[in-house]
Amino acid sequence: LPHGFWPPPPPFLFPPPDGPPEDPQGPPDPPFDSHGMMHASFLLVLCHAVIKDNRPIRKHDSNHFGILPQNSRGYGLILSLFGYTSVPMTIQNDVKKILADVVPVESIQGLVIKQNQIGFAIEVAASEGAGAEPIRKAAEEAVKQAFPDYKVTVVLTAHTKAPEGLSVRPSPSGKIDLPFVKHLVAVVSGKGGVGKSTTAVNLALAYAANGKRVGILDADIYGPSIPRLLNVGEKPQLNADKKLIPLENYGLKIMSMGFMIEQEAPLVWRGPMVMKAIRQMLGDVAWANAENPLDLIIIDMPPGTGDAQLTMAQNAPLSGAVIVSTPQDIALIDARKGVKMFEKVNIPILGMIENMSHYLCPNCGHEAHIFGHGGAEEEAKKLKIECLGQIPLTLEIRETSDAGNPIVQSQPDSEAAKLYRNIADRLREKLEERPSLQARL
């Protein structure tokens, strides 16, 4: 092809060669120009595509677009040499047109097209339930027939209206109002597996052993452990005010997401749903009344420093937080993050508990520091907070927890139970120095 006969291609496809610029006049036309032949091939593909179909294409590493005919494997192979793939820019409209004969278009929710996958939900009335399954299958089959190269996923969804009167009452400060509750304390950890829930349960029982009225909220939405630890699992009922009535065992009032779902069912919720659930489990529960007030609600928080922790810190009138960590360096790193997060939202840190501080052999009583020694105590000094106590790793704590009869309740005279009570006594002293929940709202 004569040099210069075809218009030059876009610079992002064929960058100019390195070296000095060519003479504007140029040499005589060569008898054959392989570079120009590549230009011609590319433009012929585009011209044919424009005539046949208007299917956009995209280069992986740029925002430039061209045109590629639909269902054209040959052209796709050529363009793939240049880094292009088909991008169905109008496929959403195509899907909706196909579905218009199957379901109302307005019922199609969350249509997503990603690579070779098409997914969407069909909103149906909550009363239809499984009766809408044929509609889902018909919609899925219709889209599969139109787009055989795509994997199609269709699910049913329904919106249910909350019962009237089931709403969280805010206080003038914007925090959730909990009348007749004196203090709220969050038990937190920077990471999972440090024994936070076991500590929270035994701490609540130890606090109640002094004649205090105590509740415990299992806010660990994704991994609720309190039902197993306290041997409760019934479904909570609603009272006349349409509030959930907490379950009771061992003298504690108990609420957990584990009461609402099957024990082995995974909870796949995004952040906003988790935050709403935490607010409702705290504010839409009949924790206390004038005849039966509560001195303390202990909140077993999920591990980490995410949406759930921030929601609780911003919406609940917390009296403070207790950090649980093992002496291990990697656990202390995450515990430090938890301390910093609560400090940023002006929640006082009441202290740190070093759990699994050492292992006590049940046969000979030998003490082994398998996770290190005194790490949490040293970290508490660095952070200028109090180390409330150290709990050993013992067989009795594990066995009683798994049996749903925590050691403070089942073996109150054991050394471990005494350690928990000592921590609870120190926590009570610190809370008595702070104003009550109602005074802070």
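First, a word on what this report is: a plain description of the structure on this page. (Residues numbered from 1 in each chain as written. Predicted model: local features only at pLDDT ≥ 70, side-chain atom pairs only at ≥ 80, totals over all residues. Heavy atoms only, no water.)

Empty space left among the atoms is revealed by rolling a probe the size of a water molecule over them. For the structure on display, the rule yields one cavity of 30 Å³ or more. Looking at the largest cavity, the residues that line it are K182, H183, Y207, K212, D295, R428, L431 and E432. Tallying contributions element by element places helix α13 (residues 415–432) first for the lining of the largest cavity, with three residues. (1 Å grid on protein atoms, 1.4 Å probe; cavity = no way out; pocket = protein on both sides within 12 Å on 5 of 7 lines; lining within 4 Å. Points joined across faces, edges and corners; volume = space filled by probe spheres on them. Helix = DSSP H or I, 4+ residues; strand = E, 2+ residues; numbered from the N terminus.)

Our next topic: the packing of helix α5 (residues 196–208) against α13. Any two packed helices are characterised by the angle at which their axes cross and by the distance between the axes. Remark: α5 packs on α13, axes separated minimally by 8 Å, with the N-to-C direction vectors making an angle of 70 degrees. Between α5 and α13, the angle falls in the class roughly perpendicular. Contact residues: T198, T199, N202, L203, A206 and Y207 in α5; Y420, R421, I423, A424, L427, R428 and L431 in α13. Residue classes in the contact of α5 with α13 are distributed as eight nonpolar, three polar and two charged. (Axes fitted to C-alpha atoms, helices over the stretch in contact; angles between N-to-C directions. Parallel < 35°, antiparallel > 145°, perpendicular 65-115°, else oblique. Contact = heavy atoms within 4.5 Å. Nonpolar A, V, L, I, M, F, W, Y, C, P; charged D, E, K, R; others polar.)

Once that is clear, we can look at the packing of aromatic side chains. Here the distance between the centres and the angle between the planes together describe a pair of aromatic rings. For the coordinates displayed, the defined rule picks out one aromatic pair. Each ring, one from F147 and one from Y150, has its centre 5.8 Å from the other, and the planes form 85 degrees; the classification is edge-to-face. A residue is classified by how much of its surface remains accessible, and F147, at 9% relative accessible area, is buried. (Phe/Tyr/Trp six-rings, centres within 6.5 Å; stacked < 30°, edge-to-face > 60°. Buried < 20%, exposed > 50% of the residue type's maximum accessible area, 1.4 Å probe, protein only.)

Our next topic: the pattern of salt bridges. Side-chain pairs of opposite charge can arise whenever the charged atoms involved come near each other. Taken as a whole and judged by the stated rule, the model has 14 salt bridges. The salt bridge partner of E133 is R136, with a shortest N-O separation of 2.8 Å. Taken together, the positions of E133 and R136, both in helix α4 (residues 133–146) and three residues apart, correspond to about one turn of that helix. With relative accessibility at 15%, the residue R136 sits in the buried group. Salt-bridge contacts for D425 lead to R428; the nearest nitrogen and oxygen are separated by 3.8 Å. With D425 and R428 both in helix α13, this residue pair falls three residues apart, about one helical turn. One salt-bridge network, in which partners are shared between bridges, spans E133, R136, E140 and K144. (Salt bridge = Lys/Arg side-chain N within 4 Å of Asp/Glu carboxyl O.)

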